[in-house]
Amino acid sequence: MILQHVSESCFAVLNEKNRVCDANSGLINRGGGVVVDTQADLPHARRMIELFGRVWPGMPKRVVNTHEDGDHVWGNQLFEGAEIIGHRTAAERMRHVADPTELQKLLDAADRFLPRCALRAVHPGALAIARQLKEDYDLEGVRLVLPTTLFDERHTLDLDGTEVHLIFVGPCHQAGDTIVHVPGEGVVFAGDVIFRQCTPNGWTGTYERWFETLDLIISLDPEVIVPGHGPVCGIEGAMEMRAYLEYVREESERCFELGLTSLEASKRIDLGPYAEWRAPARLYANVERAYRELRHEPADAPWDMAKSFDAIYAVARARGIEVEF
Ligand SMILES: [Zn+2]
């Protein structure tokens, strides 16, 4: 984990491994201090607090959760007394998608012989992701702490004269997607609307909304973008993300018309330059999402996560690449 100074008042903490749950966090060190996203477990959150402590004395008074996924909110509990801000939908959604006990059950099953054998037989992908998460994370003691301030479209903070705009852009990657714009310093904290040098995956949302959001970020003309995952970038990060999503949607459409399933399509689509991005088999989630749209299913149709991990696992195996999430 490293600390990067990105503008006069803005900093990023980056998880360089860039696998699933390796989310970035941000800090604006003015007006009481604002942290953007709080990491996926308590050891990572404590390390982030320590790094931000080098450039901001004391605990920040505000936290922004860019969306409802656990890797962005599971450190919330360490910010006792802070105002935690998120989109109107985020609190309710977190109860479902960021319930740490659900994931803990999977990790426990991977530890015990009989449940592990059962998992391997029925859900090899779920077992593989459990093993990977256990290498990287420790969910011990994680308790879900929900946002205390909810907003609808926009929320503005005045940090001793530095304006910060929270802009709701969901649903593209998730229902509650929010970007944090610091216009005076040309910085956007993009949350998981942008993944950099690692394969994105969208859950609840639409391709159209995601394209609109990336166009919005480009129109804000930031000098620096802190993506939700991966290294800090400029506007090219938004453009490459758009190109990837356009490519996957087009290829998915072609495969859909040929009558292939989303899994078959994910095994066949040429990854081109995106083969270099971390965890390329996560392509499956994006293909399946395109298929959902082609089948006219609602953007918030639930996912069977175990089956999705199995599909990502199957795609990696079929392509002869490392099984990685
Ligand atoms: Zn994330």
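Residues numbered from 1 in each chain as written. Predicted model: local features only at pLDDT ≥ 70, side-chain atom pairs only at ≥ 80, totals over all residues.

1. What about the overall build of the protein chain?
In step 1: When helices and strands are tallied, the protein chain shows 11 helices and 12 strands.
In step 2: Expected size for 325 residues packed as a compact globule is a radius of gyration near 20 Å; at 19 Å, the protein chain falls within 12% of this value.
In step 3: Projected onto its principal axes, the C-alpha positions of the protein chain cover 55 × 45 × 30 Å.
In step 4: The buried share of the protein chain, reckoned over its 325 residues, is 50%.
In step 5: Long-range pairs, those at least 24 residues apart, make up 68% of the contacts in the protein chain between residues at least 6 apart in sequence. (Helix = DSSP H or I, 4+ residues; strand = E, 2+ residues; numbered from the N terminus. Rg over C-alpha atoms; globule rule 2.2 N^0.38 Å. Buried ≥ 20, exposed ≤ 12 C-beta atoms within 10 Å, placed from the backbone. Contact = placed C-beta atoms within 7 Å.)

2. Overview of helix α11 (residues 305-319)
In step 1: Across its 15 residues, α11 extends 21 Å between first and last C-alpha, which sits within 8% of the 21 Å expected from 1.5 Å per residue.
In step 2: Against α6 (124-136), α9 (262-268) and α10 (283-294) lie the buried residues of α11.
In step 3: Phi for G320, located one or two positions after α11, is positive at around 70 degrees. (Expected span 1.5 Å × (residues − 1).)

3. Focus: the domain arrangement of the protein chain
In step 1: Per the domain assignment, the segments making up the protein chain are domain 1 (2-94 + 143-243), domain 2 (97-136) and domain 3 (246-319).
In step 2: Just the C-alpha atoms count here: the centres of domain 1 and domain 3 sit 26 Å apart.
In step 3: Taken together, the contact pairs 17 residues of domain 1 with 18 residues of domain 3.
In step 4: A per-class count over the side of domain 1 that touches domain 3 returns 7 nonpolar, 8 polar and 2 charged. (Domains from an automatic or database assignment. Nonpolar A, V, L, I, M, F, W, Y, C, P; charged D, E, K, R; others polar.)

4. Here's the deal with the packing of helix α7 (residues 207-220) against helix α8 (residues 235-257)
How two helices pack is summed up by the angle between their axes together with the distance between the axes.
In step 1: Axis separation between α7 and α8 bottoms out at 9 Å; the angle between their running directions is 160 degrees. By the angle between their directions, the pair α7 and α8 is classed as roughly antiparallel. Along this stretch, α7 crosses α8, giving a crossing that reads as left-handed. Judged by residue contacts, Y207, W210, F211, L214, I217 and I218 of α7 engage I235, A238, M239, M241, R242, L245 and R249 from α8. (Axes fitted to C-alpha atoms, helices over the stretch in contact; angles between N-to-C directions. Parallel < 35°, antiparallel > 145°, perpendicular 65-115°, else oblique. Left-handed = near helix turned anticlockwise from the far one by under 90°.)

5. Considering the packing of helix α4 (residues 100-111) against α6
In step 1: Across the interface, α4 lies against α6 with an axial gap of 9 Å and an inter-helix angle of 95 degrees. Our classification of the angle between α4 and α6 gives roughly perpendicular. Residues L106, L107 and A110 of α4 form the contact with α6, whose own contacting residues are A126, L127, A130, R131, L133 and K134.
In step 2: The residue inventory of the contact of α4 with α6, partitioned by class, reads 7 nonpolar, no polar and 2 charged.

6. Some thoughts on the environment of A314
In step 1: For A314, the position within the fold is in helix α11.
In step 2: Placed 189 residues apart in sequence, A314 and G125 show a C-alpha to C-alpha distance of 7.6 Å.

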